[in-house]
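Descriptive analysis of the structure
Now for the letters of each chain:
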Amino acid sequence: MSQKRLDLELGSTFEELDCAVEALQDFIPTLELDDDLSYRVILLASEALTNAMEHGNQWDEDKNATLSLVKGGNRIDLVVTDEGDGIHWTRRDPLTEFNRLADHGRGQYFMRTMADEIHIEKNGCRLRLVFYCQT
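Our subject in this report is the structure included herewith. (Residues numbered from 1 in each chain as written. Predicted model: local features only at pLDDT ≥ 70, side-chain atom pairs only at ≥ 80, totals over all residues. Heavy atoms only, no water.)

**Details of helix α1 (residues 14–27)**
Note the following rule: Secondary structure follows DSSP: runs of H or I at least 4 residues long count as helices, runs of E at least 2 residues long count as strands, and numbering of each begins at the N terminus. Under the convention used throughout, the expected extent of a helix is 1.5 Å for every residue step, that is, one less than its residue count. Note on contacts: a residue pair is in contact if any heavy atoms of the two residues lie within 4.5 Å.
In this model α1 runs 20 Å from its N-terminal to its C-terminal C-alpha over 14 residues, within 8% of the 20 Å that 1.5 Å per residue would give. In this structure, the buried residues of α1 make contact with β1 (3–11), α2 (35–56) and β2 (64–72).

Structure representation (structure tokens):
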């Protein structure tokens, strides 16, 4: 079984985040995924990196965020880490009237509804999302 892999180590800046999204947009087509899965992987990778840089690393340029994206067989593993104190996951539903205008909380909701598996590791400093696809 052959694997395809993308590994990025990024400073916690908006510029590095933009570069990561560009790298993902270039890499994802090589995986030959359907449009829906391609969209979900790019969106959640971008959201996870944003959370790592903003909430984990507090936009500290000296702290790195990493992204590892591996496709092997019918499985895609997306791992994002940060050097912060870890984040706490909520079960807040951004679609409720109370939360609709909140400026945070949608990313975690997207991850819960768009990834096949979510694993929060290392006290919240490592997020692993799993997607299953047709080979």
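**A look at the sheet that holds strand β4 (residues 117–121)**
Let me state the cut-off plainly: At least two bridges found by DSSP between two strands are what make those strands a pair. Axes here refer to lines fitted to C-alpha atoms; in helices the fit is confined to the stretch in contact. Angles between the N-to-C directions go from 0 to 180 degrees.
What the five strands build is an open sheet, ordered β1-β2-β3-β5-β4; its pairing is antiparallel. Looking at the sheet topology across the chains shown, the edges are occupied by β1 and β4. Direction aside, the axes of adjacent strands within the sheet are offset by 10 degrees on average. Strand direction decides the pairing type here: strand β3 (residues 75–81) and strand β5 (residues 126–132), joined by seven bridges, are antiparallel.

**With respect to the nonpolar core**
Counted only if it meets this: Nonpolar cores are built from buried Ala, Val, Leu, Ile, Met, Phe, Trp, Tyr and Cys residues. Side-chain atoms within 4.5 Å join them into one set. Type-normalised accessible area, obtained with a 1.4 Å probe on protein chains alone, sets the label of each residue: buried when under 20%, exposed when over 50%, and partly exposed for intermediate values.
Ranked by internal contacts, the top residues of the largest apolar core, which has 32 residues, are L49, L67, L69, I76, L78, L129 and F131. Taken together, the elements giving at least two residues each to this core come down to β1, α1, α2, β2, β3, α3 (106–114) and β5. Counting residues per element, this core draws most heavily on α2, which supplies nine residues.

**Considering α2**
Cut-off, in case you're wondering: Two N or O atoms form a polar contact when they lie within 3.5 Å of each other; inside protein one atom must be a possible hydrogen donor and the other a possible acceptor, and for residues adjacent in sequence the pair counts only when both atoms belong to side chains.
With 22 residues, α2 ought to run about 32 Å at 1.5 Å a step, and its terminal C-alpha atoms sit 30 Å apart, in line with that. In this structure D34 caps α2, since a side-chain oxygen of it lies 3.0 Å from the backbone nitrogen of D36. Positioned one or two residues after α2, Q58 has a phi angle of 55 degrees, which is positive.

**Focus on the side chain of T13**
Checked against the element boundaries, T13 lands in the loop between β1 and α1. Judged by its relative accessible area of 13%, T13 is buried. With near-sequence residues (within four places) excluded, T13 lies in contact with M53, W59 and E61.

**Here's the deal with the side chain of S68**
Among the structural elements, S68 can be located in strand β2. Using a relative accessible area of 14% as the deciding quantity, one classes S68 as buried. A polar contact is formed between the side chain of S68 and the side chain of R5, at a distance of 3.2 Å. Aside from chain neighbours lying at most four places away, what touches S68 is R5, L6, D7, D77, L78 and V79.

**Details of the environment of K63**
Positionally, K63 belongs in the loop between α2 and β2. We classify K63 as partly exposed; its relative accessible area is 27%. Along the primary structure K63 and G84 are separated by 21 residues, whereas in three dimensions their C-alpha atoms are 8.0 Å apart. In contact with K63, other than residues within four places in its own chain, are L10, G11, S12, N57 and E83.

**Observations concerning empty space enclosed by the protein**
The line we're drawing: The method works on a 1 Å grid over the protein atoms by themselves. A cavity is a set of points holding a 1.4 Å probe that cannot get out, a pocket is an open set with protein on both sides within 12 Å along at least five of seven lines, and residues with an atom within 4 Å of a point line them. Grid points are joined across faces, edges and corners, and a volume is the space filled by probe spheres set on the points. Three classes are used: nonpolar for Ala, Val, Leu, Ile, Met, Phe, Trp, Tyr, Cys and Pro, charged for Asp, Glu, Lys and Arg, and polar for all others, with Gly counted as polar.
Counted by the stated rule, this structure contains one cavity of 30 Å³ or more. If you add up the space inside the largest cavity, you get close to 90 Å³. Looking at the lining of the largest cavity, the elements that each hand over two or more residues are α2 and β5. The greatest single-element share of the lining of the largest cavity, amounting to three residues, is contributed by α2. Among the residues making up the lining of the largest cavity, the classes are represented as eight nonpolar, two polar and two charged.

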